[in-house]
Amino acid sequence: ELLINQIAAGEVVERPAAALKEILENSVDAGATKINVQLQQGGVKQIRVADDGFGIAKDELQLALTRHSTSKISTLEDLHQITSLGFRGEALASIAAISRLSLASRQVEQIHAWQILVEGKSVSQPMPSSLAQGTTLDVNDLYFNIPARRKFLKSEATEFAHCDETFKRIALSQSGIEFVLQHNGKARRHLRAGDPAQRIASVLGEEFKQAAAWIDEQSAEMHLHGMVALPAYARSSRDTQYFFVNHRFVNDKLISHALREAYRDVLHLGRHPAFVLFLDIHPGSVDVNVHPTKTEVRFREPRALHQFIFHAINKALASPHK
Ligand code: ADP
Ligand code: MG
């Protein structure tokens, strides 16, 4: 079981940023209004995430670290109607298999928090702990028991950059949540709760917001909203391309193609569009269960979607209104 977890972990948790993504998604799924992230040494030494979500009951703490244990889906039918970010029930088990982990949580009705410690095969019994509310997960010494994987890690600065990118993606898609990010004890980002436009400005800069056109397109099946940069703001890299489907960051060929086509006649050679777009679509019309790291999706009606995105962007670029 531990070996299986370690193998699975290598796939799900290829670097600290992958662990951070899973942990942050759990905090979002728990209804947190504030999420605090503290990293040490690019996340390798420590990833600590504290949220004020609904917490985990004392009796469920050990279960939360068991493979294929999820509180989020109970039937196959649910699998087609996924609205929470997590659903596989393997992330925490995978992370626990390759780190020294502490999980503390307090549900509102409990008089105090409970905490468990995990290292390799040994999982402690829940012990009393102090925590005002929500859940605090402490992941220490990632890959301490798989040196081969540790060798593949890049410099601390690079691993932090990946963590920061993961943090930005989640923060962009959850503007109603306050986020804090610290690295090696230094404050790096503090994003107050607000609307999507405010969040875009605080993550990507006021400059991006000023240079972007608003999108707000509604059809019977879907809603597309967000900001696309006008051609003058096009980038030499693809680093400012954020597309979210039902709050989930995706990197999808069909969507990229629709966007490229919409910008085709207005971009100079070697330039790339910059955008932050949110697509809300009926969960039954999209299959997110394609890949463990979940950045790919499959649409039930790809052509209609392509058309919809293409026309929405085209229209906004032709007559940008702010
Ligand atoms: P999944 O998110 O796919 O259900 P995970 O392994 O990520 O699986 O988490 C396992 C379970 O642990 C979740 O289903 C949830 O019940 C619980 N859990 C994890 N993190 C939190 C959190 N921050 N707040 C509340 N519950 C949590
Ligand atoms: Mg999860």
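Throughout what follows, the structure given in this document is the object of discussion.

Rules used throughout
- Residues numbered from 1 in each chain as written.
- Chains lettered and ligands numbered in written order.
- Predicted model: local features only at pLDDT ≥ 70, side-chain atom pairs only at ≥ 80, totals over all residues.
- Axes fitted to C-alpha atoms, helices over the stretch in contact; angles between N-to-C directions.
- Helix = DSSP H or I, 4+ residues; strand = E, 2+ residues; numbered from the N terminus.
- Parallel < 35°, antiparallel > 145°, perpendicular 65-115°, else oblique.
- Left-handed = near helix turned anticlockwise from the far one by under 90°.
- Contact = placed C-beta atoms within 7 Å.
- Nonpolar A, V, L, I, M, F, W, Y, C, P; charged D, E, K, R; others polar.
- Expected span 1.5 Å × (residues − 1).
- Buried ≥ 20, exposed ≤ 12 C-beta atoms within 10 Å, placed from the backbone.
- Pairing = 2+ DSSP bridges.
- Core = buried A, V, L, I, M, F, W, Y, C linked by C-beta atoms within 7 Å.
- Domains from an automatic or database assignment.

Put simply, helix 2 (residues 16–29) and helix 7 (residues 156–173) touch, their axes get as near as 8 Å, and they point 25° apart. The orientation of helix 2 relative to helix 7 falls into the category roughly parallel. For the crossing formed where helix 2 meets helix 7, the hand is right-handed. For the pair helix 2 and helix 7, the contacting residues are Pro16, Ala17, Leu20, Lys21, Leu24 and Val28 in the first and Glu159, His162, Cys163, Glu165, Thr166, Phe167 and Ile170 in the second. In terms of residue class, the contact of helix 2 with helix 7 is built from 8 nonpolar, 2 polar and 3 charged.

With that settled, the discussion passes to helix 2. With 14 residues, helix 2 should reach 20 Å at 1.5 Å per residue; the first-to-last C-alpha distance of 20 Å fits that figure. Most of helix 2 is tucked away: 12 of the 14 residues are buried. Along helix 2, the positions that sit buried rather than exposed are Pro16, Ala17, Ala18, Ala19, Leu20, Lys21, Glu22, Ile23, Leu24, Glu25, Asn26 and Ser27. Positioned one or two residues after helix 2, Gly31 has a phi angle of 75°, which is positive.

Here we take up the sheet that holds strand 10 (residues 212–218). One open sheet accounts for 5 strands, arranged 10-11-14-12-13; its pairing is mixed. The two strands at the open ends of the sheet, each matched to only one other strand, are strand 10 and strand 13 (248–249).

Another point: the environment of Arg264. Inspection of the secondary structure assignment puts Arg264 in the loop between helix 10 (253–263) and strand 14 (275–281). Along the chain, Arg264 and Leu204 lie 60 residues apart, while their C-alpha atoms are 24 Å from each other.

Turning our attention to the nonpolar core. Ranked by size, the top nonpolar core spans 80 residues in total, and within it Ala19, Ile95, Val228, Phe275 and Ile313 carry the most contacts. No fewer than three residues from each of domain 1 (2–191) and domain 2 (204–318) sit in this core. Ile313 has contacts with Ile215, Val228, Leu259 and Ala262, leaving out every residue within four places of it along the chain.

Moving on, we come to the pairing of strand 11 (residues 222–229). Of all 8 residues in strand 11, 6 are buried; the element is thus mostly enclosed. Judged from the 7 bridges that link them, strand 10 and strand 11 form a sheet pairing that is antiparallel. Looking at strand 11, one finds that Glu217 is bridged to Leu224. Here strand 11 runs beside strand 14; their pairing, made up of 7 bridges, is antiparallel. Within strand 14, the position partnered with His225 by the bridge is Phe278.

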